[in-house]
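Chain by chain, the residues run as shown.
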Amino acid sequence: MGVCCALELQRRGLSVTLVDRQEPGLETSLGNAGVIARSSLMPFNHPGLWPQLPRLLKNDTVQFRYKLSYLARNLGWAARFLLNARPAVFRQTVEALDGLIRLSAPEHLRLLNESGAAHRLRDTGWVFLYRSEQGWNSGELSRKTFAQYQVPTQVLQPAELAEIEPALAPIFHRALWIQGSYSVDDPHEVVAAYAALFRRSGGAFQRLTASAIRREGQGWIVQGAQGSGGSVAADRLVVALGPWSKGLLKTAGIDLPMAFERGYHMHYSGADGASLTRPVYDTGGGYVLSPMARGLRLTTGVELDACEAPARPLQLDLAEARAREAFPLDRRLDAEAWLGRRPTLPDSRPMIGEAPRHPGLWLALGHQHIGFSTAPGTARILGELMCDGGAASRHEAFRPGRFI
Ligand SMILES: Cc1cc2nc3c(=O)[nH]c(=O)nc-3n(C[C@H](O)[C@H](O)[C@H](O)COP(=O)(O)OP(=O)(O)OC[C@H]3O[C@@H](n4cnc5c(N)ncnc54)[C@H](O)[C@@H]3O)c2cc1C
């Protein structure tokens with residue numbers, strides 16, 4: 001998010017310094033499933049969530065696990081998250097996310113070309129897998145929503161699925177191929193290429209662990225943690241720290257209602273060279289399996305817990321067991337599971353814009369499950385708002401004033 005915002009503001013002629021505690025692209029944007037898809041307009045909190053709650057609250061599914069003490073401390077967030085699953089809010093969210101996703105894809109294509117990373121992109125879409133008739137029926141709201149927003153899809157019977165992904169075991173009742181969508185085979189390399197493009201185009205990079213921000217005169221100061229490179233001053237500051245935005249904004253008196261939908265990944269080799277040609281989402285198994293440059297990347301569903309709580313990779317073990325039913329995974333390729341945190345606000349929409357009562361403080365955060373796909377569109381909206389005043393109605397749904 002930060003790299004795309006830096007590139008967009010640079011393109012608009014501003015003098016931009018990108019600040020990170022490490023090289024850009026080494027956190028959440030490294031470990032995701034690499035999917036850039038029109039179908040991501042469906043938020044996790046949709047009207048079909050309520051009937052699933054009794055099952056999910058048992059805390060034993062790969063799709064959703066939670067730490068009880070964390071949930072208890074964040075009941076307010078959870079209540080708002082659930083309330084925002086009601087149809088009226090859901091419709092607004094879908095509309096807003098669809099706009100953001102449509103805006104982002106062409107921007108990604110432009111940036112991939114300009115940064116020399118276009119070879120990382122596949123245009124083969126991705127596939128939702130359903131293990132039973134009941135599973136297929138529970139996806140009806142998604143399919144209706146896709147149709148309403150002209151997301152191109154094709155229903156696949158088992159034989160058709162076997163034709164496009166022959167390595168999958170014949171355990172699926174039906175599948176939905178999301179077309180007109182993309183994926184990349186190494187999200188980290190893509191972010192690194194975008195960051196290199198920013199530097200090549202004259203952008204400054206400063207490595208600094210931000211410990212606090214404060215307004216000083218007409219501008220903002222980012223204070224570095226002790227021993228991490230001093231401070232940075234700027235006329236305008238964009239906070240795009242993903243899950244770590246919550247902690248840093250607290251130092252400016254802003255209490256963001258952000259929760260952390262954590263998720264794990266692990267890479268595998270395929271037995272006898274078995275592979276996939278696009279990511280697949282096993283809706284009953286609760287995992288995504290993505291072919292990556294490093295191997296087959298298995299990513300898990302959601303674990304609700306504190307940002308910095310220790311990893312509990314049991315969820316990955318459960319996902320692996322389910323994935324082995326569907327695909328001939330061979331051995332693990334990483335020493336330990338990677339842990340990431342999807343930063344989520346109660347209405348599953350990001351915040352893009354200037355923080356109320358904090359002139360010069362801009363926010364680009366809270367992108368939950370779709371921040372890799374929607375970073376370039378977010379950057380466009382931020383640029384429009386910052387440089388052109390941005391009265392367009394598409395900005396309204398992302399107003400920081402919803403929660404600040
Ligand atoms: C398992 C999993 C699968 C996912 N799959 C997909 C997918 O297929 N498609 C998709 O679109 N999205 C996916 N996502 C979501 C996506 O990865 C995130 O929404 C996105 O990466 C968030 O990007 P970001 O730039 O906001 O945060 P990050 O990528 O986490 O970047 C935050 C940056 O802030 C820096 N930072 C943190 N603290 C400080 C500090 N104090 N000082 C200075 N710098 C700091 C970090 O070093 C980092 O570079 C997935 C997420 C997970 C966990």
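That block above? That's the structure.
Attention here is on the structure that accompanies the text. (Residues numbered from 1 in each chain as written. Predicted model: local features only at pLDDT ≥ 70, side-chain atom pairs only at ≥ 80, totals over all residues. Heavy atoms only, no water.)

A word on the site of the ligand
Move 1: Around the ligand sit 28 residues, and of these D20, T28, S29, H369 and S373 come closest.
Move 2: In this structure, S29 approaches the ligand through a side-chain N or O atom, which is 2.6 Å from an oxygen atom.
Move 3: Backbone polar atom of G371 to an oxygen atom of the ligand: 3.0 Å apart, as the coordinates give it.
Move 4: Those elements giving two or more residues to the shell around the ligand turn out to be α2 (28–31), β20 (338–344) and α13 (371–388).
Move 5: In terms of residue class, the shell around the ligand is made up of ten nonpolar, 14 polar and four charged. (Near = heavy atom within 4 Å. Polar contact = N/O pair within 3.5 Å; in protein donor to acceptor, adjacent residues only side chain to side chain. Helix = DSSP H or I, 4+ residues; strand = E, 2+ residues; numbered from the N terminus. Nonpolar A, V, L, I, M, F, W, Y, C, P; charged D, E, K, R; others polar.)

Focus on the sheet that holds strand β10 (residues 210–216)
Move 1: An order of β10-β11-β12 is seen for the three strands of this open sheet, with the pairing classed as antiparallel. Since the sheet does not close on itself, it has two edges, and those belong to β10 and β12 (231–234), each with one partner. Averaged over all pairs of adjacent strands, the angle between strand axes in this sheet comes to 15°, irrespective of strand direction.
Move 2: Sheet analysis places β10 next to strand β11 (residues 219–224), joined by six bridges and oriented antiparallel. Counted as the bridge partner of R215 is W220 from β11. (Pairing = 2+ DSSP bridges. Axes fitted to C-alpha atoms, helices over the stretch in contact; angles between N-to-C directions.)

A word on the environment of G76
Move 1: Structurally, G76 can be placed in helix α5 (residues 75–83).
Move 2: Sequence spacing of G76 and A118 is 42 residues, and the spatial spacing of their C-alpha atoms is 43 Å.

Considerations on helix α10 (residues 187–200)
Think of an α-helix as 3.6 residues a turn; residues three or four steps apart then line up on the same face.
Move 1: Relative to the 20 Å expected for 14 residues at 1.5 Å per residue, α10 spans 20 Å between its end C-alpha atoms, a close match to the ideal helical length.
Move 2: Taken residue by residue, α10 has P187, H188, V190, V191, A193, Y194, A195, L197 and F198 as its buried positions.
Move 3: The first or second residue beyond α10 is G202, which carries a positive phi of 100°. (Expected span 1.5 Å × (residues − 1). Buried < 20%, exposed > 50% of the residue type's maximum accessible area, 1.4 Å probe, protein only.)

Here we look at the environment of E133
Move 1: Assignment of secondary structure puts E133 in helix α7 (residues 133–138).
Move 2: The sequence separation of E133 and R215 amounts to 82 residues, and the corresponding C-alpha distance is 57 Å.

Re the nonpolar core
Move 1: Within the largest apolar cluster, 58 residues are counted, with the highest numbers of intra-cluster contacts made by L41, F146 and Y194.
Move 2: Of all the secondary structure elements, the ones that give two or more residues to this core are α1 (2–11), β2 (35–36), α6 (87–115), β5 (126–130), β7 (174–178), α10, β22 (361–365) and α13.
Move 3: In this structure, L237, I254, L256 and F260 belong to the second largest nonpolar core, which totals 35 residues. (Core = buried A, V, L, I, M, F, W, Y, C linked by side-chain atoms within 4.5 Å.)

Some remarks on the pattern of salt bridges
Side chains that carry opposite charge are capable of pairing whenever their charged atoms lie near each other.
Move 1: Inspection of the entire model under this criterion finds 33 salt bridges.
Move 2: A salt bridge links D255 to K246; the nearest nitrogen and oxygen atoms lie 3.7 Å apart.
Move 3: We classify D255 as exposed; its relative accessible area is 55%.
Move 4: Overall, K246 belongs to the buried group, its relative accessible area being 18%. (Salt bridge = Lys/Arg side-chain N within 4 Å of Asp/Glu carboxyl O.)

Let's talk about the packing of α6 against α13
Move 1: Viewed as axis vectors pointing N to C, α6 and α13 meet at an angle of 95°, and their least axial separation amounts to 7 Å. Here α6 is positioned roughly perpendicular relative to α13, judged by the angle of their axes. In this structure, α6 contributes L100, I101, L103, S104, E107, H108 and L111 to the contact, and α13 contributes F372, S373, T374, P376, G377, T378, R380 and I381.
Move 2: For the contact of α6 with α13, a count of residues per class yields seven nonpolar, six polar and two charged. (Parallel < 35°, antiparallel > 145°, perpendicular 65-115°, else oblique. Contact = heavy atoms within 4.5 Å.)

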